[in-house]
Amino acid sequence: MDAAAQAEGEARVMALLFDPLEGLGLGRPTTTTKAGYEKMKRMVCGCLAALSEAQLNELREWAQAHPGGPQKDRVPNGQVLLGRVKDTRRPTGGKSVSPLMQEVFANQLGADAIRDGWAPELMKWFRAVPLGERKWPGGFTVNNIKKDAYQAMRRHRDIQMRIDRGDVIAAEEQAFYDRREAAMQECRDVRQAASEGAAA
């Protein structure tokens, strides 16, 4: 997602989530100031920019049914909204996968990462970035992710070659190989779940 697509996605979140909720008369969360509420909306819009119109409509309907505040007349706070999205998108054995992460793995970038073997480092990079700061990784970031993955990819290929030859593999090497394979499978699962979601 480039800057233009990100901005378009953020505007979509505002138009389909916050504007309708406020239009119904729901006020800002009781625990936030007006400035804090505007900041919260910007952060949530940034985090949810990759959601589709259908997903945002679903989230809005949920928020309408679960308003915040003691009088149940407030927009749910950002943590609640993001938590709801996280709870509904868990395709990899209970580990949370953000909408943006799913979009990246469904994209050609994710396909390249899985094909070339650096997908676990891409996943690791995403999970190291705070939720409110996650953006589509640019070329510089992708190059750094590939550099970080180089040694692990080389070691994995070497072990795979020795397994294929029928060599005896040391326990430590086998454990590394198994962990790497599991990490790769998780990335494939994310891509498959994202692709199935897009096709639904």
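For the structure given in this document, a descriptive report is provided here. What you are looking at is a predicted structure, and each value in this text was computed from that prediction instead of being measured.

Moving on, we get to the pattern of salt bridges. For the structure on display, the rule yields 10 salt bridges. Residue Arg115 pairs with Asp116 through a salt bridge whose shortest N-O separation is 2.9 Å. In this structure Arg115 comes out as exposed when scored by relative accessible area, which is 58%. Here the salt bridges share partners, and the residues they tie into one network are Arg155, Asp158, Arg162 and Glu173.

With that settled, consider the packing of aromatic side chains. For the structure on display, the rule yields zero aromatic pairs. The side chain of Arg155 reaches across the aromatic face of Phe176, ending 4.1 Å from its centre.

Moving on, we come to the side chain of Lys41. Looking at where Lys41 falls in the secondary structure, it is placed in helix H2 (residues 34–47). Aside from chain neighbours lying at most four places away, what touches Lys41 is Met14, Phe18 and Glu22.

The next subject is the packing of helix H1 (residues 3–23) against H2. The N-to-C vectors of H1 and H2 enclose an angle of 125 degrees; their axes lie 8 Å apart at closest approach. With respect to their mutual orientation, H1 and H2 come out oblique. For the crossing formed where H1 meets H2, the hand is right-handed. For the pair H1 and H2, contact is made by Gln6, Glu10, Val13, Met14, Phe18 and Glu22 and by Tyr37, Met40, Lys41, Val44, Cys45 and Gly46, respectively.

Attention shifts here to helix H5 (residues 99–106). By the criterion of burial, H5 is predominantly enclosed, with six of the eight residues buried. Among the residues of H5, Pro99, Leu100, Met101, Gln102, Val104 and Phe105 are the ones counted as buried.

This part is about the environment of Glu58. Inspection of the secondary structure puts Glu58 in helix H3 (residues 53–65). C-alpha of Glu58 to C-alpha of Val85: the two residues are 27 residues apart in sequence and 9.9 Å apart in space.

Take the packing of H5 against helix H6 (residues 108–116) next. Look at H5 against H6: their axes get within 4 Å of each other, and the N-to-C directions meet at 70 degrees. Comparing the axis directions of H5 and H6 gives the class roughly perpendicular. For the pair H5 and H6, the contacting residues are Val104, Phe105 and Ala106 in the first and Gln108, Leu109, Gly110, Ala111 and Ile114 in the second.

Glancing now at unusual backbone geometry. The backbone of Lys72 sits at a positive phi, close to 55 degrees, despite the residue not being glycine. Mapped onto the fold, Lys72 is located in the loop between H3 and helix H4 (78–87). Residue classification places Lys72 among the exposed residues on the basis of a relative accessible area of 55%.

Time to look at the environment of Glu8. Tracing the chain through its elements places Glu8 in helix H1. Sequence separation between Glu8 and Ala49 is 41 residues, and the spatial gap between their C-alpha atoms is 7.6 Å.

Okay, the state of the cysteines next. Across all of its chains, the model carries zero disulfides by this definition. Free of any disulfide, Cys45 has its nearest cysteine sulfur in Cys47, 9.4 Å distant. Under the relative-accessibility criterion, Cys47 is labelled buried at 8%.

Conventions used here
- Residues numbered from 1 in each chain as written.
- Predicted model: local features only at pLDDT ≥ 70, side-chain atom pairs only at ≥ 80, totals over all residues.
- Heavy atoms only, no water.
- Salt bridge = Lys/Arg side-chain N within 4 Å of Asp/Glu carboxyl O.
- Buried < 20%, exposed > 50% of the residue type's maximum accessible area, 1.4 Å probe, protein only.
- Phe/Tyr/Trp six-rings, centres within 6.5 Å; stacked < 30°, edge-to-face > 60°.
- Lys NZ or Arg CZ within 6 Å of the ring centre and 35° of its normal.
- Helix = DSSP H or I, 4+ residues; strand = E, 2+ residues; numbered from the N terminus.
- Contact = heavy atoms within 4.5 Å.
- Axes fitted to C-alpha atoms, helices over the stretch in contact; angles between N-to-C directions.
- Parallel < 35°, antiparallel > 145°, perpendicular 65-115°, else oblique.
- Left-handed = near helix turned anticlockwise from the far one by under 90°.
- Disulfide = S-S within 2.5 Å.

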